[in-house]
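The primary structure of each chain is shown beneath.
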Amino acid sequence: MDSIIIRGGKTLQGRLPISGAKNAALTLLPCALLTDEPLTLRNLPRLADVDSFGHLLNQLGASTMVEGARPEDFGRVMTLRAGKVTSTVAPYDIVRKMRASILVLGPLLAREGEATVSLPGGCAIGNRPIDLHLKALEAMGAEIELAAGYVKASAPAGRLPGGDFTFPVVSVGATENAVMAAVLAKGGTRLHNVAREPEIVDLCRCLVAMGARIEGIGSETLTIEGVDRLHGATYQVMPDRIEAGSYACAAAITGGSVELAGARAEDMGATIAALRQAGVTVEEVRDGLQVSASGKLQPLTLSTAPFPGFATDMQAQFMAMVLLANGASVFTETIFENRYMHVPELARMGADIEVRGRTAVVRGVEGLKGAPVMATDLRASMSLIIAGLAAEGETQVNRIYHLDRGYERLEEKLQAVGADIERVSAG
């Protein structure tokens, strides 16, 4: 099994390209099931999760073709075509590896009138039930049955009628599934208290490019008028705001200055505000964002929240960034109940962190020491990389398959801005 070795203490300097967004890509890929025409996605990141989703779509009857991809390039152009859906069953052996697989439920139900999808897997960061996905679909006329670890959904007379639904709490995945199901419904659908993340906006814009009729994009209420069919389209995946924020934290903890090429400030308001509160300089430049830091960082008080609040997917990276800050930082995790699994691993490197339920208090220390550490989930893995970049000596990060799910060629990008980092194989 591969590991990443980091010899810390290098200041990051230079230009670092931001890839297409993992969370957007995994939402756009199932849109291919909504039409029999080709859907071409540009700037698609090279990630294990993207490959897994492609394999799932292949099992359902979609073809996938990568155009002009060179091994040295970041990102890919992929054309997907589901001329005929040959199966409406998403099996356990694929779905268990990746929670985003549940996003084929809405498209299959919308186009074929039925879908059988295994209950999902993904990172072990807490309880993430899919009840809101199912309640939204039921409000649109679906009949739902849970049996033997599978969700079985069907539409009366083969097509959803549409309907109204108010999400009791904001849910990104449930919003995505509901929107994709609604675009081919017989009638109209109104979804209230929807997630407003930039990835939701990206999904809606892609669907509109395919012929969907959606109003209220970016707001708390989406009004969707179902159409008889969607057509193909070519669409560019948005830049990854979480990757950009992660590398901003890496630049900051090393006292460096890095241009995040392709990053979009409008998607990163809460992240940029938190960086600035910590004493990091963030400036918009022609090609993205310039992030610079020098001297001790300032402590932060942060609480995760749905967009436009501070993203739960940035909590672990910011916690690593302030390990050397001048004072105590306080983090409150409101989204997932088990998202501090990186804390014991950071403590192995000399971090001073006290967890009290959903709150973590981080007291800045004078220095970190490299150590063997184990990645527990995707964003926790990145927090260990960030800490390792600033630690004295050598850090070995094990179980890095988590990183490969969400960060395209991480070690190559960090090497290019001065990090002493490499991937090694145990065998």
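Residues numbered from 1 in each chain as written. Predicted model: local features only at pLDDT ≥ 70, side-chain atom pairs only at ≥ 80, totals over all residues. Heavy atoms only, no water.

Asks: Describe the sheet that holds strand 1 (residues 2-7), and please don't skip the residues or the numbers.
Replies: Strand pairing in a sheet is mediated by backbone hydrogen bonds. Such pairs are either parallel or antiparallel. The strand order across the open sheet formed by four strands is 22-23-1-24, and the pairing between neighbours is mixed. Either end of the sheet is taken by a strand with one partner, and the two such strands are strand 22 (372-374) and strand 24 (420-425). Geometrically, the sheet is characterised by an average inter-axis angle of 25 degrees between neighbouring strands, direction not taken into account. Here strand 22 pairs with strand 23 (residues 394-398) via three bridges, running parallel. Residue pairing in the sheet places M374 in a bridge with N398 of strand 23. Helix-sheet contacts for helix 12 (residues 378-390) involve strand 1, strand 22, strand 23 and strand 24, and the interaxial angle to strand 1 is about 30 degrees. (Pairing = 2+ DSSP bridges. Helix = DSSP H or I, 4+ residues; strand = E, 2+ residues; numbered from the N terminus. Axes fitted to C-alpha atoms, helices over the stretch in contact; angles between N-to-C directions. Contact = heavy atoms within 4.5 Å.)

Asks: Describe in detail empty space enclosed by the protein, supporting the description with residues and values.
Replies: The tally for this structure, following the rule as stated, stands at one cavity of 30 Å³ or more. In this structure, the largest cavity encloses a volume near 80 Å³. Looking at the lining of the largest cavity, the elements with two or more residues in it are helix 8 (241-253) and helix 9 (269-277). No other element matches helix 9, which puts three residues into the lining of the largest cavity. Residues that form the lining of the largest cavity fall into these classes: eight nonpolar, three polar and two charged. (1 Å grid on protein atoms, 1.4 Å probe; cavity = no way out; pocket = protein on both sides within 12 Å on 5 of 7 lines; lining within 4 Å. Points joined across faces, edges and corners; volume = space filled by probe spheres on them. Nonpolar A, V, L, I, M, F, W, Y, C, P; charged D, E, K, R; others polar.)

Asks: So, the nonpolar core: which residues are in play, and what are the values?
Replies: Membership of the largest hydrophobic core comes to 79 residues, with the highest contact counts inside it found for L29, V104 and L207. When residues no more than four places from it in sequence are discounted, the contact partners of L29 are L41, L44, V50, F53, L57, M78 and L80. One finds C249, A274, V282 and F331 within the second-largest nonpolar core, a separate group that totals 74 residues. (Core = buried A, V, L, I, M, F, W, Y, C linked by side-chain atoms within 4.5 Å. Buried < 20%, exposed > 50% of the residue type's maximum accessible area, 1.4 Å probe, protein only.)

Asks: Mind laying out the pattern of salt bridges, listing which residues take part and the relevant values?
Replies: Close approach of charged atoms allows side chains of opposite charge to pair. Across all of its chains, the model carries 26 salt bridges by this definition. Between E366 and K296 there is a salt bridge, with its nearest N and O atoms 3.9 Å apart. Separated by 70 residues along the polypeptide, E366 in the loop between strand 21 (359-363) and strand 22 and K296 in the loop between strand 17 (288-292) and strand 18 (301-303) bring together distant segments of the chain. For K296, a relative accessible area of 40% translates into the label partly exposed. (Salt bridge = Lys/Arg side-chain N within 4 Å of Asp/Glu carboxyl O.)

Asks: Give a description of the layout of surface pockets that names residues and reports values.
Replies: Rolled over the atoms, a probe with the dimensions of a water molecule shows which regions are left empty. Estimates place the volume of the second largest pocket at around 170 Å³. Around the second largest pocket, the lining residues are L34, T35, D36, A110, R111, G158, R159, L184, D228, R229 and L230. Tallied by class, residues from the lining of the second largest pocket come to four nonpolar, two polar and five charged.

Asks: I'd love a proper account of the pairing of strand 19 (residues 328-332), names of residues and values included.
Replies: By the alternation rule, side chains of strand 19 split into S329 and F331, which are all buried, and A328, V330 and T332, of which none is buried. Examined bridge by bridge, strand 18 and strand 19 share three bridges and lie parallel to one another. Each bridged residue has a counterpart across the sheet, and for L302 the counterpart in strand 19 is F331. Handedness of the β-α-β unit built from strand 18, helix 10 (residues 315-321) and strand 19 comes out right-handed. Where strand 19 and strand 21 come together, five bridges link them in antiparallel fashion. Across the sheet, the residue bridging to A328 is R363, located in strand 21. (Right-handed = clockwise from strand over helix to strand, strands pointing away.)

Asks: Could you give an account of unusual backbone geometry, naming the residues involved and the relevant values?
Replies: P308 follows F307 through a cis peptide bond whose omega is 15 degrees. Summarising the element assignment, P308 is placed in the loop between strand 18 and helix 10. One non-glycine residue, N43, lies in positive phi territory at about 60 degrees. Summarising the element assignment, N43 is placed in strand 3 (residues 39-44). Under the relative-accessibility criterion, N43 is labelled partly exposed at 24%.

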